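Remarks on the overall topology
The chain contents come next:
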Amino acid sequence: MPAADILSFFLSWIRNPLRVAAVAPSGPAVAALMTQEITAETGPVIELGPGTGPFTYALLGRGVREHDLTLVEYGSDFIRLLQARFPHARVFWMDAAWLDKYKLFEGAPVGAVISGLGLLTMSPHKVTAILSGAFGYLRRDGAFYQITYGPSCPITDTVLDSLSLQATCIGHTLRNLPPASVYRITRRKPTTN
């Protein structure tokens, strides 16, 4: 990870610690954990809060084609950097809570959403808007992957229940600053009587 990325990320965190969820970009261990279930066959992937791009690089390393990536970043500090590093990806400067207000895709072709957003600092209303918008683009079998630095899933049971979603922890790593966990969020299977 370039030293300039660490400095840029840290300065963004200093300016707005509630918007930038960590003091440093995610490291290779958590990037590998976050993308471990994604392959080239996953199809289009949306990344929320890519920052300097550590998860984006990991997705490319997993075989996802750059033109299959849609990067949604709210921090103006990172937009030009993302556009320069990933010129074939679609890069949008917008709040992830606005996903349902735009037509990023026709239908629901997306296989995965990767989120580096700091959901723990957001209101339940905003988290619901983000998840609802993201799942509007996901195929039925698609998954939403969320990093957290907290001890449990950053999405409350109330929000999960309201959207008929379920969360599963897919792993933890101490080899990140701070240590992190990743959760896979999926639609609940309908119950049959």
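On a predicted model such as this, the values are computed, not experimentally measured, just so you know.

Here we have seven strands laid out as an open sheet, ordered β3-β2-β1-β4-β5-β7-β6, and mixed in their pairing. The open sheet is flanked by β3 (90-93) and β6 (165-173), the only strands paired with a single partner. Direction aside, the axes of adjacent strands within the sheet are offset by 20° on average. Taken together, the four bridges between strand β1 (residues 45-48) and strand β2 (residues 69-73) define a ladder with parallel strand orientation.

Looking now at the nonpolar core. Core analysis: the largest hydrophobic core is formed by 28 residues, its most contacted members being L48, F144, I155 and I185. The element best represented in this core is helix α5 (residues 124-137), accounting for six residues. Leave out the neighbours within four places in its chain, and I155 touches L119, V127, L131, L160 and I185. I38, V45, A58 and Y145 belong to the second largest nonpolar core, which has 26 residues in total.

As a further point, take the pattern of salt bridges. Enumeration according to the criterion identifies five salt bridges in this entry. The residue E37 makes a salt bridge to R184 at a minimum N-O spacing of 2.7 Å. Here E37 is found in the loop between α2 (28-35) and β1, whereas its partner R184 is found in strand β7 (residues 180-187), with 147 residues between them in sequence. A relative accessible area of 23% means that R184 is categorised as partly exposed. Note that D95 and K126 form a salt bridge whose closest N and O atoms lie 2.8 Å from each other.

Moving on: α5. For α5, with 14 residues, the first-to-last C-alpha span of 20 Å sits near the 20 Å given by 1.5 Å per residue. Within α5, the full set of buried residues consists of V127, I130, L131, G133, A134, F135 and Y137. On its buried face, α5 is in contact with β1, β4 (110-115), β5 (138-148), α6 (157-162), β6 and β7.

Reading the values: the criteria
- Residues numbered from 1 in each chain as written.
- Predicted model: local features only at pLDDT ≥ 70, side-chain atom pairs only at ≥ 80, totals over all residues.
- Heavy atoms only, no water.
- Pairing = 2+ DSSP bridges.
- Helix = DSSP H or I, 4+ residues; strand = E, 2+ residues; numbered from the N terminus.
- Axes fitted to C-alpha atoms, helices over the stretch in contact; angles between N-to-C directions.
- Core = buried A, V, L, I, M, F, W, Y, C linked by side-chain atoms within 4.5 Å.
- Buried < 20%, exposed > 50% of the residue type's maximum accessible area, 1.4 Å probe, protein only.
- Contact = heavy atoms within 4.5 Å.
- Salt bridge = Lys/Arg side-chain N within 4 Å of Asp/Glu carboxyl O.
- Expected span 1.5 Å × (residues − 1).

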